Amino acid sequence: MIPHERSLVEKWKDRPFALLGVNSDNTSTEKGMATYKAKNTGDLSVTWRSFRNESNTPNISDDWRVRGWPTLYYIDHEGVIKHKNVRGEAEMEEVLEEMIAAAEAAAKK
Amino acid sequence: MLRHALAAALLLSIPVGAVAQSDATTGTQQDPQAAYQALSKSYAKAMSVWQDELEAKIKKAQEAGERVPRSAYAPPSGDFVSTAQEHAKEHAGTDAAVPFLGFILKNATRERNAVKWAVKTLASEHVESNAIGDVVDYLPKVSRMAGRTARSLLSDVADNHSNKTVRVKALLARARQSGAADKADDAVADLEVVMELTTDADLLAEAKDALAEVRKLAIGTVAPEIDGVDVNGVKFKLSDYRGKAVLLDFWGFW
């Protein structure tokens, strides 16, 4: 999961794409932050930005009705939800490629 | 010991079934509404006793470094479901049976046969009554124990009942079920019918809230804003990324 996501960030770094996380490790606590830092290394390095899930009330995951982890939302350049929970690596790249192309086309107009 | 204490507490708190039966034999039936209230009340009491006991057991087990047996997590619904079933049979075929059938749907935790019987009885004897409107809300709850029959009964009431208010209640229940299953289109369709059918302010407000909730995260709608902080405590927003394709991933290292 994380290695593939990292490869997407790298692959599309010059195109209108952003991978954003909503992290549930309670990094506002010392213990949570320690876990986060200890694991965030090597193959599991996370190179993208995440919201703290608990930084909002209710938790962001509750507001978004997340029932299982990981949950994926695909949001286009206009903020519209296009897909949910597309998980296969090939399918992920396919739908994102299409969304990035749409963002580029809109930027040219 | 705990188990015996709990059993004794349960027996003490449910004289309802026994009373109703002896009354029935002497020809003076207990008022079904009062019987229902007594049953609900004693069940609430038993549940709170059970919860306290469970908390105590968990605490004790934690202190001793032991595991709480699985059985401790089972709520004491069995006796109450049986009592409700007796009442429902006593009033078979009349509207007075419906609240007891509803009680079974609402409170059964593993009494599969009773649930199946209750759904079947509602479908065969009460589907056209107005009383069924008060229990349709519980049909989605029993999807594990009587999924297919409960779904078809709910749909029958939602699509065909002659009383508009009853239909509306069933449509709201079905929309909630669809929404929970991520079937936003089905939920929206039902809620739109609700808006056409009813002028009742409370039901309309419920439908509007449900519609907003379903639409909020549906494919094709604008994602809700996230205005939060990152893992280092720095503020940022989801809308900062407009113009880009965003993959939003709810995750954790755990």
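The written sequence of each chain sets the order in which its residues are numbered from 1. Key to labels: chains lettered from A, ligands numbered from 1, both in the order written. Selection of residues for local features in this predicted model requires a pLDDT of at least 70, selection of side-chain atom pairs for listing and counting requires 80 or more, and totals for whole chains, interfaces and linings are taken over all residues.

## With respect to the overall build of chain A
Helix and strand definitions follow DSSP, with helices as H or I runs of at least four residues and strands as E runs of at least two, each counted in order from the N terminus. The helix and strand inventory of chain A stands at four helices and four strands. Think of it as a crowd count around each C-beta: if 20 or more other C-beta atoms lie within 10 Å the residue is buried, if 12 or fewer it is exposed, and in between it is partly exposed, with C-beta placed from the backbone throughout. Evaluated residue by residue, chain A yields a buried proportion of 27% over its 109 residues. For every residue pair, C-beta atoms are placed from the backbone, and the pair is scored as a contact if these atoms sit within 7 Å. Of all intrachain contacts in chain A linking residues separated by at least 6 positions in sequence, the fraction that spans at least 24 positions is 57%.

## Observations concerning the overall build of chain B
A tally of regular secondary structure across chain B gives ten helices and three strands. Within chain B, the proportion of its 254 residues that are buried is 35%.

## Overview of the pairing of strand β3 (residues 71–75) of chain A
A pair of strands is considered paired only if DSSP assigns at least 2 bridges between the two. Bridge count between β3(A) and strand β3 (residues 245–251) of chain B: five bridges; the pairing is antiparallel. Bridge pairing in β3(B) links Ile75(A) to Val246(B). Note: β3(A) against strand β4 (residues 81–84) of chain A, three bridges, orientation antiparallel. Within the sheet, the bridge partner assigned to Tyr73(A) lies in β4(A) and is Lys84(A).

## Points about the packing of helix α6 (residues 112–125) of chain B against helix α7 (residues 143–160) of chain B
Describing two packed helices takes the angle between their axes plus the distance from one axis to the other. All names here are of chain B. α7 packs onto α6 with a crossing angle of 15° between their chain directions and a minimal axis gap of 9 Å. One finds that α6 runs roughly parallel with respect to α7. In this structure, α6 meets α7 at a crossing whose hand is left-handed. Residues Arg-112, Val-115, Lys-116, Val-119, Lys-120, Leu-122 and Ala-123 of α6 lie in contact with α7, whose contacting residues are Met-145, Ala-146, Thr-149, Ala-150 and Leu-153. Each residue gets one of three labels, nonpolar for Ala, Val, Leu, Ile, Met, Phe, Trp, Tyr, Cys and Pro, charged for Asp, Glu, Lys and Arg, and polar for the others, Gly among them. Taken together, the residues of the contact of α6 with α7 break down into eight nonpolar, one polar and three charged. Lines fitted to C-alpha atoms define the axes here, with helix axes fitted over just the stretch in contact, and angles between the N-to-C directions of these axes take values from 0 to 180 degrees. In what follows, roughly perpendicular refers to angles from 65 to 115 degrees, roughly parallel to angles under 35, roughly antiparallel to angles over 145, and oblique to any angle outside these ranges. The hand of a helix crossing depends on one turn: near helix anticlockwise from the far one by less than a right angle means left-handed, and clockwise means right-handed.

## Topic: the interface of chain A and chain B
Listed as interface residues are 47 residues of chain A and, on the opposing side, 26 residues of chain B. For the side of chain A that touches chain B, the secondary-structure elements that each account for two or more residues are β1 (17–23), α2 (30–39), β2 (49–52), α3 (60–63), β3, β4 and α4 (89–108) of chain A. In terms of residues, the side of chain A that touches chain B owes the most to one element, β1(A), which gives seven residues. Here β1(A) runs beside β3(B); their pairing, made up of seven bridges, is parallel. What sits directly across from Phe17(A), in β3(B), is Ala245(B).

## Observations concerning the sheet that holds β4(A)
The strand order across the open sheet formed by five strands is β2(A)-β1(A)-β3(B)-β3(A)-β4(A), and the pairing between neighbours is mixed. Of all strands in the sheet, those bounded by a partner on one side alone are β2 and β4 of chain A. Between one strand and the next, the sheet's axes are offset by a mean angle of 25°, whatever the strand orientation. Where β1(A) meets β2(A), four bridges bridge the pair, whose relative direction is parallel. Of the residues in β2(A), the one forming a bridge with Val22(A) is Phe51(A). Lying over the sheet, α4(A) contacts β1, β3 and β4 of chain A together with β3 of chain B, oriented at roughly 140° with respect to β3(B).

## Some points on unusual backbone geometry
Residue and element names in this part refer to chain A. Note that the residue after Thr-57, namely Pro-58, is joined by a cis bond; omega there is -5°. Of the consecutive residues Trp-69 and Pro-70, the connecting peptide bond is found in the cis state with omega at -10°. Looking at the secondary structure, you find Pro-70 in the loop between α3 and β3. The phi dihedral of Asn-26 is positive, around 55°, even though this residue is not glycine. Here Asn-26 shows up in the loop between β1 and α2. Of note in this structure, Asn-85 is not a glycine but carries a positive phi near 55°. Structurally, the position occupied by Asn-85 is in the loop between β4 and α4.

## Some remarks on the nonpolar core
Residues of type Ala, Val, Leu, Ile, Met, Phe, Trp, Tyr and Cys that are buried and joined through C-beta atoms within 7 Å form what is called a nonpolar core. Counting residues in hydrophobic clusters, the biggest one holds 50 residues, and the most contacted among them are Leu101(B), Ile104(B), Leu105(B), Val115(B), Leu139(B) and Leu154(B). Listing elements by their share of this core, those giving two or more residues are α3 (32–64), α4 (78–90), α5 (98–107), α6, α7, α8 (164–180), α9 (184–197) and α10 (201–216) of chain B. Once you skip the residues sitting within four places of it in the chain, Ile104(B) turns out to touch Val81(B), Ala84(B), Gln85(B), Ala114(B), Val115(B) and Ala118(B). Among the nonpolar cores identified, the runner-up in size contains 22 residues, and Leu19(A), Ile81(A), Leu96(A) and Ala103(A) belong to it.

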